[in-house]
Amino acid sequence: MLMKRIVLFFVVIVWSFISTAQDVHFSQMRFSPFTVNPGLAGLEGKIQGIVNYRSQWNSVAAPFTTLGASFDMRFEPFRRDGGYLAGGINFFHDVAGDLNMTTSNVNLNLAYHLPINSESTIGLGMQAGYAQRGLGSSDGLWESQYNGSTFDQAIASGESFQSMNFGHIDAAAGVVYNYNSLSNNSFNSGGFRLSAGLSVFHINRPSYSFITGGEDDLHMRYSGFVRGAFNLGDSKWQMLPGAYYQQQGGHREIYAGSYFQYTINGGSQRTGFKQNFSIAYGAYYRLGDAFVNKLLVNFAEYSIGMAYDLNVSSLTQASRGRGGIEFMLRYNLTEMRTTRARIN
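A. The arrangement of the overall build of the chain in detail. Across its full length, the chain holds 2 helices and 14 strands. Across the chain, the fraction of contacts at a sequence separation of at least 24, relative to all contacts at a separation of at least 6, is 60%. Here the chain has roughly 15600 Å² of accessible surface; of this, 62% comes from carbon and sulfur atoms.

B. Examining the packing of aromatic side chains more closely. A full pass over the atoms with the stated rule returns 10 aromatic pairs. Relative to Tyr 255, the ring of Tyr 244 has its centre 6.2 Å away and its plane inclined at 40°; by these criteria the two rings are tilted. Of this pair, Tyr 244 sits in strand β9 (residues 237-248) while Tyr 255 sits in strand β10 (residues 251-266), and the two are 11 residues apart along the sequence. No difference in accessibility class separates Tyr 244 from Tyr 255, as the two residues are buried. Here the aromatic rings of Phe 277 and Phe 299 are separated by 6.1 Å at their centres, their planes lie at 75°, and the arrangement is edge-to-face. Taken together, the positions of Phe 277 in strand β11 (residues 276-286) and Phe 299 in strand β12 (residues 290-299) put the pair 22 residues apart, joining distant regions of the chain. Take Phe 277: its relative accessible area is 30%, and that puts it in the partly exposed class. Aromatic ring contacts, followed pair by pair, group Phe 31, Phe 225, Tyr 244, Tyr 255, Tyr 259 and Tyr 284 into a single cluster. In this structure, Arg 74 is placed above the aromatic ring of Tyr 84, and the distance from its NZ or CZ to the ring centre is 4.5 Å.

C. Structural context of the confidence of the model for the chain. Chain-level pLDDT for the chain is 80 on average; 69% of the residues reach the 70-or-more range. Of all the helices and strands in the chain, helix α1 (residues 2-18) carries the lowest mean pLDDT, 41, while strand β7 (residues 192-201) carries the highest, 96.

D. Fine view of the environment of Pro 115. Residue position: Pro 115 is located in strand β4 (residues 101-115). Along the primary structure Pro 115 and Tyr 177 are separated by 62 residues, whereas in three dimensions their C-alpha atoms are 9.8 Å apart.

E. Examining unusual backbone geometry more closely. The backbone of His 202 sits at a positive phi, close to 60°, despite the residue not being glycine. Within the secondary structure, His 202 sits in the loop between β7 and β8 (221-231). The buried category is assigned to His 202, whose relative accessible area is 5%.

Rules and cut-offs
Residues numbered from 1 in each chain as written. Predicted model: local features only at pLDDT ≥ 70, side-chain atom pairs only at ≥ 80, totals over all residues. Heavy atoms only, no water. Helix = DSSP H or I, 4+ residues; strand = E, 2+ residues; numbered from the N terminus. Contact = heavy atoms within 4.5 Å. Areas by Shrake-Rupley, 256 points an atom, 1.4 Å probe, with all protein chains shown as cover. Phe/Tyr/Trp six-rings, centres within 6.5 Å; stacked < 30°, edge-to-face > 60°. Buried < 20%, exposed > 50% of the residue type's maximum accessible area, 1.4 Å probe, protein only. Lys NZ or Arg CZ within 6 Å of the ring centre and 35° of its normal. pLDDT = per-residue confidence, 0-100.

In structure tokens form, the structure reads like this:
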């Protein structure tokens, strides 16, 4: 058992370090907009601020932790007869494993949303920023140090590091379509909201290797999503489904599921004296990797979310099913109050 855990630890650390790099991601993708599509800037309301925290692989080795934050706003009010400009900024800091490999990224986002008709818009977004990657230690375990039964650090690894820290410019772009008939009449149980988008990250293919002579250019990441919100008849229940697809190099992620939301207090659209209060449970599946359970609480302009990944991949033997835990806090100021039309 110990030997299996050592091998699995080695696979996790070295694979994340020298293989084709993969971007950080959060299980609460609905609340991590700029890791999904730059065109999402300004789509959810007048002002939106989000903080994310994720910790995973605690049961395998030193935990991988990720802290993220984003802020976006509309620079001009939404008008049915004209488009609006929006912008935002996002940040994340990721620390991986015993080597304390860090990845930090700060991006500026700019988007323009143009109405197609009274219920639909199409938006184009761009993202540009700076990323830095660092290595806290080079004393890792390497394939060349495996003697057939265990890892022997007295054996030379043969690895040569050109730098323990480096940075690079990064760029991305995306397009988003949004349909919303809920905001026109919040009492219309037949109304719904649908958003869909396509984006590409790392358009400039920056170098991403610590190794001297390494040719690990960061692969472009292609991302697509479809998500929605609709009321279930005349009840206080709403369904918020979502599906996400990402491809980066030889790695692919398919992630889908839905929140089921119950409105405890619908809020007051005219006076604002009565605040919206709802709670939701989400069930999602990341293909070949994890079942994700989510809890979401909305009160007025604030939302608090939690997600827990139950690992079902080949690492289950070492992780014992424990993938990761994640927390989210959001402030979202919309331009008009709704009762049960608010999407989360």
